[in-house]
Amino acid sequence: MTTYKSAFISCDFHFDAQGKHYGAAHLTYSDDANGMRVFLIPIVTIKNGSGPTILLTAGNHGNEDEGQLILRRLIHELEPDDVQGRIIFLPALNYPAVRAFTRTSPLDNENLNRKFPGDGTTGPTSAIARFVVDVLLPLADAGIDFHSGGNLANYAITSFLCTCTDSALYRKSFELADAFQAPHLYVADGSIWSSGFDPAAHAQNIPFMSNELGGGDIDREAIRIGYRGARNVLGHLNLIAAPESTNTLKSSVYLDAVNGAGGVLAPFEGLFEAQFDVGDKVESGQTAGILYSLDEVDRPPKELQFTDSGIVCVKSTTARVVQGSHICMTAKAVTRGEVMALADI
């Protein structure tokens with residue numbers, strides 16, 4: 001039995017028990033809207049015999065439903081006899097945000113994916129991060145955190161990988177992301193995202209990947225690819241029988257956002273008429289779209305251009321933009337060898 005207690009979170013859960021088990025971590029918080037309320041962060045384990053442990057999480061951002069759906073499906077489909085090893089599921093990691101359907105927690109307005117490694121005393125979101133670092137990651141041999149663009153952005157369906165200073169660990173993380181077999185594999189600079197979940201896992205020498213599965217609305221194709229990708233990784237680790245190979249699978253498009261990140265920022269508030277879609281290949285100087293001022297109707301519309309060549313990875317789901325907001329983001333398409341070479345930087 002694992003017993004954990006901080007100023008905000010308590011948990012008693014038998015992570016080593018054979019079979020399928022349901023439980024929760026208890027997040028206690030009191031403010032004007034919540035009088036000593038207990039938020040139950042659901043935990044499910046499936047364990048059979050010996051083998052590796054994988055940590056699967058979703059709901060890091062509460063308004064991203066795709067991963068939550070995929071993990072719930074896996075929880076109800078997989079039985080202990082299907083597994084050799086252990087799977088730990090947290091399908092609603094930031095449960096207060098999941099309940100509120102918000103990116104950040106309604107309790108303290110904090111972004112969980114920017115609070116790692118966290119602490120147990122500062123606030124509820126930081127306490128969740130610390131619970132992950134102190135309890136969940138030490139149990140894991142690998143991990144996947146499921147994301148999407150929520151209700152504000154639409155992402156290319158992609159595996160998401162952070163670089164790290166340990167080249168062997170980076171290669172193992174790359175193998176997870178490659179096994180996921182998303183249409184795109186996106187590599188970001190882990191040093192920039194040092195307060196994120198991925199670098200927190202790397203700090204404990206755990207191969208780790210995230211993903212971005214669409215956004216804006218529930219895309220059936222994103223769900224299909226994300227579900228298949230999860231099973232691909234479980235098969236890659238020999239936790240379940242490997243899925244049957246199919247000739248219809250295409251190699252991922254590898255995207256280097258370490259050396260080739262770009263995007264278009266809104267210079268003023270307005271309505272943007274995009275002339276591109278997610279996944280498009282674009283060139284520097286190409287017209288991205290036309291921006292119309294929201295308040296100054298007599299202001300001439302402004303043509304915005306791409307400043308970098310690459311693949312459009314994410315775009316805003318609405319025409320409404322504010323000054324300084326990302327209208328879209330791009331990354332440079334590279335070879336598999338070039339992505340692997342990032343391990344040596």
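Along each chain, numbering runs from 1 in the same order as the chain's sequence is written. Under the rules for a predicted model, residues below a pLDDT of 70 receive no local features and side-chain atom pairs below 80 are neither given nor counted, while totals for whole chains, interfaces and linings still include all residues. The side-chain numbers reported here are obtained from all heavy atoms of the structure, hydrogens and water having been left aside.

So what exactly am I meant to see when it comes to the layout of surface pockets here?
One simple way to see leftover space: roll a probe sized like a water molecule over the atoms. Taken as a whole, the largest pocket holds about 1,000 Å³ of empty space. Lining the largest pocket are 45 residues, with Arg103, Arg114, Tyr155, Val314 and Met329 positioned closest to its centre. Secondary structure elements follow DSSP: runs of H or I no shorter than four residues count as helices, runs of E no shorter than two count as strands, and numbering proceeds from the N terminus. Counting residues per element, the ones that place at least two in the lining of the largest pocket are strand S8 (153-155), strand S9 (158-162), strand S10 (184-188), helix H5 (197-203), strand S11 (208-212), strand S18 (310-316), strand S19 (320-321) and strand S20 (326-334). Grouping the amino acids of the lining of the largest pocket by side-chain chemistry returns 20 nonpolar, 16 polar and nine charged. Every definition here rests on a 1 Å grid over the protein atoms only: cavities are sets of points where a 1.4 Å probe fits but cannot get out, pockets are open sets enclosed by protein on both sides within 12 Å along at least five of seven lines, and lining residues have some atom within 4 Å of a point. Grid points are joined across faces, edges and corners, and a volume is the space filled by probe spheres set on the points. Its volume calculated, the second largest pocket comes out at about 230 Å³. Only Asp, Glu, Lys and Arg are considered charged, only Ala, Val, Leu, Ile, Met, Phe, Trp, Tyr, Cys and Pro nonpolar, and every remaining residue, Gly among them, polar.

Sorry, what's going on with the packing of helix H4 (residues 167-180) against helix H6 (residues 220-236) here?
For any two helices packed against each other, the geometry comes down to the angle between their axes and how far apart the axes lie. A fitted line through C-alpha atoms represents every axis, and for helices the fit uses only the stretch in contact; the resulting angles, taken between N-to-C directions, go from 0 to 180 degrees. It is at 7 Å that the axes of H4 and H6 come closest, and there the two elements cross at 130°. One way to sum up the angle between H4 and H6 is to call them oblique. As for how H4 packs across H6, the hand of that crossing is right-handed. Residues Glu175, Leu176, Ala179 and Phe180 of H4 pack against Ile225, Gly226, Gly229, Ala230, Asn232, Val233 and His236 of H6. A breakdown of the residues in the contact of H4 with H6 according to their chemical character gives six nonpolar, four polar and one charged. With respect to orientation, any angle under 35 degrees is reported as roughly parallel, any angle over 145 as roughly antiparallel, any angle of 65 to 115 as roughly perpendicular, and every other angle as oblique. Rotating anticlockwise by less than a right angle from the far helix to the near helix defines a left-handed crossing, while the corresponding clockwise rotation defines a right-handed one. Every residue pair with non-hydrogen atoms within 4.5 Å of one another is taken to be in contact.

Mind showing me how you'd approach H4 here?
Helix span, as expected, comes to 1.5 Å for every residue beyond the first. The first and last C-alpha atoms of H4 sit 20 Å apart over 14 residues, in line with the 20 Å expected at 1.5 Å per residue. For H4, the capping residue at the N-terminal end is Asp166, with a side-chain oxygen 3.0 Å from the backbone nitrogen of Ala168. Following H4 by one or two positions, Gln181 has its phi on the positive side, about 60°. For this analysis, a polar contact is any N or O atom pair within 3.5 Å, provided that within protein one partner can donate a hydrogen and the other can accept it, and provided that sequence-adjacent residues contribute only side-chain to side-chain pairs.

Quick question: what am I supposed to make of the nonpolar core here?
Nonpolar side chains in soluble globular proteins tend to end up buried together. Take the buried residues of types Ala, Val, Leu, Ile, Met, Phe, Trp, Tyr and Cys, join any two whose side-chain atoms come within 4.5 Å, and each joined set is a nonpolar core. Buried means the residue's accessible area, taken with a 1.4 Å probe over protein chains only, is under 20% of the maximum for its type, while exposed means over 50%, and partly exposed covers the values in between. If you look at the biggest cluster of nonpolar residues, it comprises 45 residues, and the most contacted ones within it are Ile54, Leu56, Leu74, Phe89 and Phe146. Put simply, the parts of the chain that give this core at least two residues each are strand S4 (37-48), strand S5 (53-57), helix H1 (66-77), strand S6 (85-90), strand S7 (142-145), H4, S10 and H6. Counting 37 residues, the second-largest nonpolar core is a separate cluster that includes Phe13, Ala25, Tyr95 and Ile128.

Is there a simple way to explain H1 in this structure?
Since one α-helical turn is 3.6 residues long, residues separated by three or four positions face the same way. Helix length check: H1 (twelve residues) gives 17 Å between terminal C-alpha atoms against 16 Å at 1.5 Å per residue, within 8%. Among all positions in H1, only Glu66, Gly67, Gln68, Ile70, Leu71, Leu74 and Ile75 are buried.

Just checking my understanding: could you explain unusual backbone geometry for this structure?
Excluding glycine, most residues fall at negative phi; most peptide bonds, likewise, are trans. The omega torsion across Phe116 and Pro117 is 5°, close enough to zero to call that bond cis. Position of Pro117 relative to the elements: it lies in the loop between helix H2 (95-100) and helix H3 (124-136). Located in the positive-phi region is Gln181, a residue other than glycine, with phi close to 60°. By secondary structure assignment, the location of Gln181 is in the loop between H4 and S10. Positioned with a positive phi, Asn238 is a non-glycine residue whose angle comes to about 65°. Overall, the relative accessible area of 58% leaves Asn238 in the exposed class.

I would appreciate a short explanation of the pairing of S10 in the present structure.
Within a regular strand, the side chains alternate between the two sheet faces. Where burial is concerned, most of S10 is hidden: five out of the five residues are buried. Residue alternation in S10 divides its side chains into two sets, His184, Tyr186 and Ala188 and Leu185 and Val187, and both sets are buried. For two strands to count as paired, DSSP must find a minimum of two bridges between them. Pairing of S9 with S10 involves five bridges; the strand directions are parallel. In the strand pairing of S10, Leu161 is matched with Val187. For the segment spanning S9, H4 and S10, crossover handedness is right-handed. As judged from the four bridges shared by S10 and strand S12 (residues 253-256), these two strands associate in the parallel manner. Residue pairing across strands places Tyr186 opposite Leu255, the latter belonging to S12. The definition of a right-handed crossover adopted here requires that, viewed with the strands pointing away, the path from the first strand over the helix to the second runs clockwise.

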